Amino acid sequence: MTGATIWLTGLPSAGKTTLAHELAGRLRGDGHRVEVLDGDEIREFLSAGLGFTREDRHTNVQRIGFVAELLASNGVKALVPVIAPYADSREAVRGRHQSEGTPYLEVHVATPVEVCSERDVKGLYAKQAAGEISGLTGVDDPYEAPASPDLRIESHTQTVQESAAALHALLTERGLA
Ligand SMILES: Nc1ncnc2c1ncn2[C@@H]1O[C@H](COP(=O)(O)OS(=O)(=O)O)[C@@H](OP(=O)(O)O)[C@H]1O
Ligand SMILES: Nc1ncnc2c1ncn2[C@@H]1O[C@H](COP(=O)(O)OP(=O)(O)O)[C@@H](O)[C@H]1O
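Values in this document were obtained by computation on a predicted structure and should not be read as measured data. For every chain, the first residue of the written sequence is number 1, and numbering continues from 1 along that sequence. Whichever chain is written first becomes A and whichever ligand is written first becomes 1, with later ones labelled in order. The predicted nature of this model means local features are confined to residues of pLDDT at least 70 and side-chain atom pairs, given and counted, to a pLDDT of 80 or more, with totals for whole chains, interfaces and linings taken over all residues. As a rule here, side-chain values come from all non-hydrogen atoms in the structure, and water together with hydrogens is ignored.

Topic: the UniProt feature "domain: APS kinase" (unreviewed entry) in the protein chain
Piece 1. UniProt positions are given in the numbering used here, feature names are shortened, and annotations may be inferred rather than shown by experiment. Here, UniProt's "domain: APS kinase" (unreviewed entry) annotation points to residues 3–153.
Piece 2. Counting secondary structure, residues 3–153 comes out at 44% helix and 15% strand; the distance between its end C-alpha atoms is 22 Å. Where helices and strands are cited, they refer to DSSP runs of H or I of at least four residues and of E of at least two residues respectively, numbered from the N terminus.

Concerning the side chain of N60
Piece 1. Note that N60 resides in helix α3 (residues 54–72).
Piece 2. Here's how the labels work: a residue is buried when its accessible area is under 20% of the maximum for its type, exposed when over 50%, partly exposed in between, all with a 1.4 Å probe on protein chains only. Owing to a relative accessible area of 4%, N60 belongs among the buried residues under this scheme.
Piece 3. Only heavy atoms matter for contacts: two residues are in contact if any of them lie within 4.5 Å across the pair. Contacts of N60, omitting those with residues within four sequence positions, involve I42, R43, S47 and L50.

A few points about the site of ligand 1
Piece 1. Residues are counted as near a molecule or strand when any one of their heavy atoms sits within 4 Å of it. Taken together, 20 residues lie near ligand 1, and R43, R57, N60, A84 and G135 sit nearest.
Piece 2. With respect to ligand 1, the side chain of R43 contributes an N or O atom lying 2.8 Å from an oxygen atom.
Piece 3. Look at ligand 1: alone it shows 630 Å² of surface, and the protein chains cover 90% of it.
Piece 4. Put simply, the parts of the chain that give the shell around ligand 1 at least two residues each are α1 (16–29), α2 (39–44) and α3. Definition of a polar contact: a pair of N or O atoms within 3.5 Å, with one able to donate and the other able to accept a hydrogen when the atoms are protein atoms, and with sequence-neighbouring residues admitted only if both atoms are side-chain atoms. Shrake-Rupley sampling with a 1.4 Å probe provides the accessible areas, and residues are treated as covered by the protein chains on show and by no other component.

Side note on the UniProt feature "binding site: ATP" (unreviewed entry) in the protein chain
Piece 1. Those residues carrying the UniProt feature "binding site: ATP" (unreviewed entry) are G10, L11, P12, S13, A14, G15, K16 and T17 in this numbering.
Piece 2. In this structure, G10 sits in the loop between β1 (4–9) and α1.
Piece 3. Leaving out residues up to four positions away in the same chain, G10 has contacts with K16, I83, H108, V109 and Y143.
Piece 4. If you trace the backbone, T17 turns up in helix α1.
Piece 5. In this structure, T17 is in contact with D38 and P81, ignoring residues within four places of it in sequence.

Some details on the nonpolar core
Piece 1. Residues grouped as a nonpolar core are buried Ala, Val, Leu, Ile, Met, Phe, Trp, Tyr and Cys residues, joined through side-chain atoms within 4.5 Å. Within the largest apolar cluster, 28 residues are counted, with the highest numbers of intra-cluster contacts made by I6, L8, L19, L79, V107 and L167.
Piece 2. Taken together, the elements giving at least two residues each to this core come down to β1, α1, β2 (34–36), β4 (104–109), β5 (151–153) and α7 (160–173).
Piece 3. In terms of residue count, α1 provides more of this core than any other element does, 5 residues in total.
Piece 4. With 12 residues, the next largest nonpolar core counts W7, I64, V82 and V93 among its residues.

Concerning the sheet that holds β4
Piece 1. Between any two strands, pairing holds if DSSP finds at least two bridges. Pairing in this open sheet of 5 strands is parallel, and the strands run β2-β3-β1-β4-β5 from one edge to the other. Two strands in the sheet have a free side with no partner beyond their single neighbour: β2 and β5. If you compare each strand with its neighbour and ignore which way they point, the axes differ by 20° on average.
Piece 2. α3 rests against β1, β2 and β3 (77–81) of the sheet, and its axis sits at about 150° to β1.
Piece 3. Angles shown run from 0 to 180 degrees and are taken between the N-to-C directions of axes, each axis being a line fitted to C-alpha atoms and, for helices, limited to the stretch in contact. Of the strands in this sheet, β1, β4 and β5 are in contact with α7, which crosses β5 at around 175°.

Looking at the pairing of β1
Piece 1. Extensive coverage of β1 is indicated by the burial of 6 of its 6 residues.
Piece 2. Taken together, the 5 bridges between β1 and β3 define a ladder with parallel strand orientation. From the neighbouring strand, L8 faces β3, where its bridge partner is P81.
Piece 3. Relative to β4, β1 is paired through 5 bridges, and the arrangement is parallel. By the bridge assignment, T5 is partnered in β4 with Y104.

Structure representation (structure tokens):
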């Protein structure tokens, strides 16, 4: 089966992880090999020691992009729910896939910051508001929204199932599902 990297970029609490796992379930049900490269897990091992400076985020995204491409070039659907806030970091990952001839899709989970901060799945927005942390993406740290993603998901106007169905439809359209 053809592998591919599907990168879900967006703010904290946008819905990246939820959608990655929902899509993973659907793809596995259809017999695809799937890995979800979750940002939090990667930061415990592969990117242990990295913080949230621009440089560290870039390094983190390049490492994850490298592993995703290895998996994708071996027939795996690599689903990557990672913020990746900088356009040049994302472009470098896309370029690596292009030069290897490996399919790559960029999905912007475009939930507005107001909705994300209400969801606040991990309590980060509250901590930032209380002055306990700083440098939170979308609040007091940059997020460069993709100019022309393969798909933009408005998760605040859809159920998880509807968003996952839109993602699945994109893969089908590209001959990947
Ligand atoms: N300052 C700050 N800014 C953004 N995110 C923060 C921060 N501190 C901790 N976290 C938590 O770390 C997760 C983001 O890690 P990523 O590897 O996806 O980010 S990045 O691409 O390297 O920017 C992110 O996970 P998600 O909420 O799933 O997006 C956060 O839970
Ligand atoms: N259409 C949707 N797609 C994804 N998540 C949604 C959607 N609608 C509501 N949510 C909720 O938003 C939250 C997103 O959290 P999470 O997936 O952990 O975000 P992220 O990985 O981007 O930080 C979850 O509680 C999820 O149930």
